[in-house]
Amino acid sequence: MPLRRLFAVLPALVILLCAGAMGLGGTAKADPVQTGHIEVELVSQEAGVAPGSTVYVALRQKIQPGWHTYWRNPGDAGDATRIVWTLPAGWTAGDIVWPTPEKSRVGPLLDFAYTGEVLLPVPISVPADAQVGSVVTLRAAAAFLVCEQVCVPEDAVVTLTLPVVAGVPGADPKWGTKVAETLAKAPKPAGLKAVFELQGSVLKLAVTGAPLKGADLSGAFFYPYSGKVIEHPPEQAIERGPEGLTLSLTPGYDFTQAEAKPTELAGVLALNGAAYEITATPGAIPAGAGGLGAPPAAPAKAHGSAEGASLGLPLAVAFAFLGGLILNLMPCVFPILSMKAASLTAHAHDAGRTRVQGLAFLAGVVVTFLVLAGLLIAVRAGGAAVGWGFQLQSPAVVAGLALLMLLVALNMSGVFEVGASVQGVASDASGSGLGGSFLTGALAVVVAAPCTAPFMAGALGFALTQPPLASLLVFLGLALGFAAPFVLLAFIPGLLARLPRPGPWMDVLKKGLAFPMYATAAWLAWVYSQQTGSIPLAALLAASVLVAFAAWLYGLAQARRIEGKGAAVPFVLAALSLVAALALVVAGVRAAPAASAPAAASAEAAAGPGLASEPWSPEKVKALQAQGKVVMVDFTADWCVTCKVNEGTALKGQRLVDAFKASDAVLLRADWTRRDATIAAALAEHGRAGVPLYLVYPKGAGEPVILPQLLTEGLVIEAVETAAKG
C-alpha cells in the first residue's frame with residue numbers, strides 16, 4: 001500500500017521539480033558584491049532576452065553615505081566608472097547611459113558625482129541565433145573611484161544570468177521599473193538648438209527650443225562632456241529669453257591655450273526636473289535666448305527684504321514710485337541738488353513760469369528714465385549681463401559726463417552763457433528756459449539714478465524679469481516718484497514765495513552752487529581712473545583743460561559780439577579745442593586695459609582703519625562658510641555714491657574691526673564698477689538690479705541676511721554678531 005501510494009504521487013513530484021527547474025532558468029539572477037564602500041551588482045530591465053533584441057543591463061551602485069562616485073566627466077578631480085564586459089560570442093555591449101550627475105564642491109573644486117544609489121544602464125545586443133531555452137551569463141569587471149575626504153579605488157567582478165526566451169520577455173519584477181525610470185530620466189536630445197560664442201573672457205552658450213519655453217530655468221546648469229572646455233567651479237550666470245536661455249561660462253584650456261579651438265561644445269543642459277543632451281556650434285547669440293534677465297530669486301533667499309521676485313505689477317509700480325521719492329534723499333542725488341536749487345530760484349516769484357519749469361523737469365526725468373530702461377532691456381535682449389547703472393560702467397560715458405559736468409559748472413560760474421543761465425540751455429529768446437529744465441531732469445537721472453534706494457531695489461528686480469511693456473511701466477513709476485518733489489514745489493507757490501525777491505544774491509548763489517558740479521566732475525574723473533588707469537586719466541585731465549579753454553573762448557566771443565567786435569576767431573578756436581578734447585578722450589578710452597575689474601586687481605583692499613576686504617566670488621563664500629567663518633559681502637561700484645558713503649562711515653572704524661575679529665568674520669567686496677556677468681547674476685539672484693547690496697552669511701551654512709541700502713556701524717556689527725551665533 002505505501003509503495004502504491006508512492007507511485008501515485010511520483011508524477012506530481014516530477015512535474016513540480018520540472019516546474020521549479022524552469023522557474024530557476026526563467027528569471028535573471030545576480031549576486032551583489034561588496035567592495036568596501038559600495039555594494040555592486042548587475043540588474044536587468046527584463047527577466048529574459050529574446051534573440052535579435054536589445055536588453056538594458058545596469059551596473060547598480062549602492063554607495064555608503066558621505067561617499068560618491070563620478071560621472072563620465074568627473075569635474076576637477078576624480079575618475080569615471082569604467083566597465084569591461086565579458087560576453088558570449090556574438091553578444092555586444094554599448095556605451096553607458098549616464099544619468100544626470102550632482103554637483104559636489106570640495107574646497108575650490110567642483111566635481112560631478114553620484115551619491116546614494118545609482119544605476120548605470122548599458123544596452124546589450126543579443127544575436128539573432130541565440131538559442132531559445134538556454135541560459136547565458138554576462139560578466140562585467142567594474143572599476144570606480146569612491147571618495148569622501150579621501151579617495152579609494154575599488155573594483156568588482158559581477159555577473160548576471162539571463163534565460164533566452166521566445167517572444168517578448170516580461171519586465172524584471174524587482175529592477176525592471178527602476179531601470180526604466182533611469183532610462184526615462186536620462187539626458188537625451190530634444191531638438192534644441194545651441195550655439196556658443198567667446199566674448200572676451202566669457203564663453204556664452206545659448207540654447208533655444210520648445211522644451212525651454214516657459215520652463216523653470218532657475219537651476220539651469222551645463223555639464224560638459226569634456227573636462228577641458230570650461231572651468232567648472234565658477235557660477236554659470238543665467239539669462240532668460242522668450243525662446244530659451246544664455247549661460248555665461250568661464251572658458252577652459254581648450255579655448256584659452258590649445259592651438260586648435262573647439263568646433264563644438266557638447267554636454268548636458270540640466271534644469272529643475274529635466275535634462276537634455278546638446279551639441280553647440282560656433283555662432284552669434286540669438287536675441288530669443290536673452291533679454292528677460294536672470295530667473296527670479298527663490299523665496300528662501302529673500303530674508304529681510306521684500307524682493308522683486310514675489311511682487312506683482314501693481315505693487316512693483318507702487319514700490320518704484322516710493323523708491324523714486326526716497327532716491328531724492330540718497331547721497332547719489334546730492335551733487336545734482338545745486339542744479340535743482342538754481343532752477344527753483346530763477347523763477348521763484350513767477351508762478352506760471354515756475355509751473356512750466358516743473359513740467360519740463362518732469363519731462364526730462366521721464367524721458368531719460370524710459371530711454372535708459374529701453375536701452376537696458378535691448379542690451380539684455382542681446383545676451384549681455386547688465387543691470388541698472390550700466391551707463392556708468394562704460395568708461396566713454398563716464399568721461400563724457402565728467403566733461404559735461406565741467407561745462408555746466410563753468411556755465412554756472414559765469415565763464416560763458418548758454419541762453420540766460422545754466423537753466424537756459426536750448427531756451428528761446430524769451431528766456432523761458434524749458435530746455436534747461438529738461439536737461440536738469442535728464443542729468444539728474446543719468447548721474448544719480450544708478451544707485452538704488454529702499455523699495456526701488458525690489459521693484460527693479462521685478463522689472464528686469466518681466467516683458468518689456470511691464471518693465472517700462474515700473475520704470476515710469478520710478479521716474480514719477482523721482483520727479484514728484486520738484487514738481488510739487490513748482491506747483492505750490494506759497495513755498496517758493498518765502499524766497500527773497502530777485503536780485504544780485506541770485507548770481508552769487510548760482511556761482512556758489514557751481515562748486516558741487518565741479519565736485520561731480522572730479523568724482524566722475526576718479527571713477528574713470530578706477531576703470532581705465534593713469535594714462536587714460538591723464539588724457540581726460542588734458543581734455544578737461546581744453547574744454548575749459550574752449551568755454552573761456554566761447555565766453556570771450558560772446559562778450560566781443562555784444563560789444564560789436566569780431567567773434568569769429570574765438571569761436572573757431574573754441575571749436576578746435578573741443579575737437580582736440582574729444583580726440584584725447586577717444587585715445588584715452590582706447591588705451592585703457594581690456595576688462596580689468598578693480599576687485600581682481602589685488603588680493604586685498606582697504607575698507608577702513610585696520611579692516612580689509614578680499615575680492616568676492618561665489619566659491620570663496622562657500623569655502624569661508626565651510627571654514628566656520630561669518631561672511632559679509634559688499635556689492636559696490638566706484639560710481640555709486642551711496643556705496644562710498646557707506647564705506648566711509650559704516651564700514652570702517654575700530655569698533656567694526658573688533659567685532660569682525662571677535663566674530664571671525666570676513667569682508668568680501670564684489671566690485672561692479674565695470675561689467676561683470678557673475679556679479680550681475682548674483683544681484684539678480686537676490687532680486688536686485690543694481691548696487692548697493694549687502695549680504696551677511698552665517699558661519700557653517702545657510703542663506704544670507706540682506707541689509708538695508710543705508711548702513712550704520714551698529715547695524716553692521718549687530719548683523720555680524722547674530723550671524724556668528726549660527
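What you see as residue numbers is a count from 1 along each chain, following the sequence as written. Owing to the predicted nature of the model, reporting of local features is limited to residues with pLDDT of at least 70; listing and counting of side-chain atom pairs is limited to 80 or more, with chain, interface and lining totals taken over all residues. Values reported for side chains reflect all heavy atoms of the structure, with hydrogen atoms and water molecules removed beforehand.

(A) Spotlight on the sheet that holds strand β12 (residues 151–163). Across the sheet, which stays open at both edges, the four strands sit in the order β1-β12-β11-β6 with antiparallel pairing between neighbours. Here the strands that pair on one side only, and so sit at the sheet edges, are β1 (29–30) and β6 (82–86). Bridge count between strand β11 (residues 135–147) and β12: 13 bridges; the pairing is antiparallel. Directly across from V146, in β12, lies its bridge partner V152. In this scheme, strands are said to pair when DSSP sees at least two bridges between them. In this description a helix means any DSSP run of H or I spanning at least four residues, a strand means any run of E spanning at least two, and both kinds are numbered starting from the N terminus.

(B) A look at the sheet that holds strand β10 (residues 117–125). The sheet built from five strands is open, its strands ordered β2-β3-β4-β10-β7 with antiparallel pairing. In this open sheet, the two edge strands, each paired with only one partner strand, are β2 (33–34) and β7 (92–93). Pairing geometry for β7 and β10, over two bridges, is antiparallel. Of the residues in β10, the one forming a bridge with T92 is S125. Only heavy atoms matter for contacts: two residues are in contact if any of them lie within 4.5 Å across the pair. Note on geometry: axes are lines fitted to C-alpha atoms, helical ones only across the stretch in contact, with angles between N-to-C directions running from 0 to 180 degrees. Along the sheet face, helix α2 (residues 176–185) touches β3 (38–44), β4 (54–63) and β10 and points at about 90 degrees away from the line of β10.

(C) Fine view of the packing of helix α7 (residues 395–412) against helix α14 (residues 534–562). Closest axis-to-axis distance for the α7/α14 pair is 10 Å, and the angle between their directions is 35 degrees. For the element pair α7 and α14, the recorded crossing hand is right-handed. Taking contact as the criterion, the partners of A399, L403, L406, L407 and L410 in α7 are, on α14, L540, A543, S544, V547, A548 and A551. All amino acids are sorted into three groups, where Ala, Val, Leu, Ile, Met, Phe, Trp, Tyr, Cys and Pro are nonpolar, Asp, Glu, Lys and Arg are charged, and the leftover types, Gly among them, are polar. Residues of the contact of α7 with α14, tallied by class, amount to 10 nonpolar, one polar and no charged. In this scheme, a crossing is called left-handed if the near helix is turned counterclockwise away from the far one by less than a right angle; it is called right-handed if the turn is clockwise.

(D) Representation of the state of the cysteines within the structure. Cysteine sulfur atoms that come within 2.5 Å of each other are treated as a disulfide pair. This model, assessed by the stated rule, comprises one disulfide. Two residues share a disulfide in this structure: C147 and C151, whose sulfurs sit 2.0 Å from each other. Given an S-S torsion of about 115 degrees, the disulfide between C147 and C151 has right-handed geometry. Whether a residue is buried, partly exposed or exposed follows from its accessible area with a 1.4 Å probe, protein chains only, as a fraction of its type maximum: under 20%, in between, or over 50%, in that order. Judged by relative accessible area, C147 falls into the buried class, the value being 1%. Taking the relative accessible area as the measure of exposure, C151 reaches 43% and is therefore partly exposed.

(E) Structural view of the nonpolar core. Ranked by internal contacts, the top residues of the largest apolar core, which has 73 residues, are W616, M632, V633, F635, F660 and V691. Ranked by the residues each element gives to this core, the list is headed by α7, at 11 residues. With residues near it in sequence (within four places) discarded, M632 still touches L651, F660, V666, L667, L668, Y694, L695, V696, L707, L711 and V716. Here, nonpolar core refers to any group of buried Ala, Val, Leu, Ile, Met, Phe, Trp, Tyr and Cys residues whose side-chain atoms link them within 4.5 Å. Grouped together as the second largest cluster of nonpolar side chains are 40 residues, V57, W85, F112 and V158 included.

(F) Region of interest: the pattern of salt bridges. Salt bridges are counted wherever a side-chain nitrogen of Lys or Arg sits within 4 Å of a carboxyl oxygen of Asp or Glu. Evaluation of the coordinates by the stated rule reveals 12 salt bridges. Notably, a salt bridge pairs E243 with K213, separated by 3.2 Å at the nearest N-O pair. Remark: K213 occurs in the loop between β14 (202–208) and β15 (221–224) and E243 occurs in the loop between β16 (237–240) and β17 (244–249); sequence separation between them is 30 residues. Here E614 makes a salt bridge to K620, at a shortest N to O gap of 3.6 Å. Judged by relative accessible area, which is 26%, K620 ranks as partly exposed. Here the residues in one salt-bridge network are E39, E41, R60, E117 and K178, joined through shared partners.

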